[in-house]
Amino acid sequence: MTRILIIEDEQPAGEYLTQLIQKVDPKTEILDVLESVQTAVEWLSNYPVPDLIFLDVQLGDGTCFQVFEQISIGCPVIFTTAHDEYALRAFKLNSIDYLLKPIRQESLKFSLDKYYQLNEENAINKVKYLEELMHTQILNRKSPRRSFLVPYRDKLIPLKDADFAWLTIRNGMVVATLHDDRNFVIDKSLEELENQLDTGNFFRANRQFIISRQCITEIELYFNGRLLVRTSPASTNQILISKERVPVFKKWFEEQA
């Protein structure tokens, strides 16, 4: 019986994946469904290593990078994500696999079959490579990017990171809104920008927004324990901080005050 750990911050998605795994392969045991970086690190520190982990890239209190940063994962990993991001192309080659949400039964079966075909030595080597890749990403984030050349019509516009008020996904593209309310399309994913921008000045509010500290004008209490962030320039869409990420956001904001 294959012992599987699921790390997924959205409860309905976790329940759906649990049911789908057991439907595809009844000879599996779901050990637990965890929702955050913190609970994942605690669980992996106190329980025997599972046979396989399904790991969501974007968690309630951070990203999967932060799990690898704090603990060594000694088993194969299958990533799940709602976005087909550039960085995951490497994971496709060097981890077991990754699945795009909504996860389809045939895709899950392919990933599990791929896992079962691996021998133990190959699986361990893949995990070691993946951990090295993760740590490389983490080290790269320590040298934040300060300058950008952004295409605009028939020109390249030089921008500094300090020019960005917030960045969001709009019509499938990443759009940067500057402090002077101009907008530019950025040819990068939010995940790439999150890894490149200075984490002292920029915060990943949710899956749709990265915000700068300088643009924040008000923070309101919102229902279900969330926070509503108001910015200048104002965003036409609400910028919400999930209940799980509220402590992380408060710590980030207060440390930069």
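Everything below is about the structure printed above this text.
Here we summarise the structure given alongside this text. (Residues numbered from 1 in each chain as written. Predicted model: local features only at pLDDT ≥ 70, side-chain atom pairs only at ≥ 80, totals over all residues. Heavy atoms only, no water.)

Examining the packing of aromatic side chains
Next, step 1: This model, assessed by the stated rule, comprises 11 aromatic pairs.
Next, step 2: Members of the aromatic cluster, each reached through a chain of ring pairs, are F203, F249, W252 and F253.
Next, step 3: Positioned above the aromatic ring of F223, the side-chain terminus of R226 is 4.7 Å from the ring centre. (Phe/Tyr/Trp six-rings, centres within 6.5 Å; stacked < 30°, edge-to-face > 60°. Lys NZ or Arg CZ within 6 Å of the ring centre and 35° of its normal.)

Topic: the packing of helix α1 (residues 11-24) against helix α5 (residues 105-117)
Next, step 1: Between α1 and α5, the shortest axis-to-axis distance is 10 Å and the interhelical angle comes to 65°. Viewed along their axes, α1 and α5 form a crossing whose handedness is right-handed. Across the interface between the two elements, L17, L20, I21, K23 and V24 of α1 pack against Q105, L108, K109 and L112 of α5.
Next, step 2: Looking at the contact of α1 with α5 residue by residue, the class counts come to 6 nonpolar, 1 polar and 2 charged. (Axes fitted to C-alpha atoms, helices over the stretch in contact; angles between N-to-C directions. Helix = DSSP H or I, 4+ residues; strand = E, 2+ residues; numbered from the N terminus. Left-handed = near helix turned anticlockwise from the far one by under 90°. Contact = heavy atoms within 4.5 Å. Nonpolar A, V, L, I, M, F, W, Y, C, P; charged D, E, K, R; others polar.)

Digging into the environment of L118
Next, step 1: The topology assignment puts L118 in the loop between α5 and α6 (120-140).
Next, step 2: Judged by relative accessible area, which is 22%, L118 ranks as partly exposed.
Next, step 3: Separated by 22 residues in the primary sequence, L118 and I96 have C-alpha atoms spaced 8.8 Å apart. (Buried < 20%, exposed > 50% of the residue type's maximum accessible area, 1.4 Å probe, protein only.)

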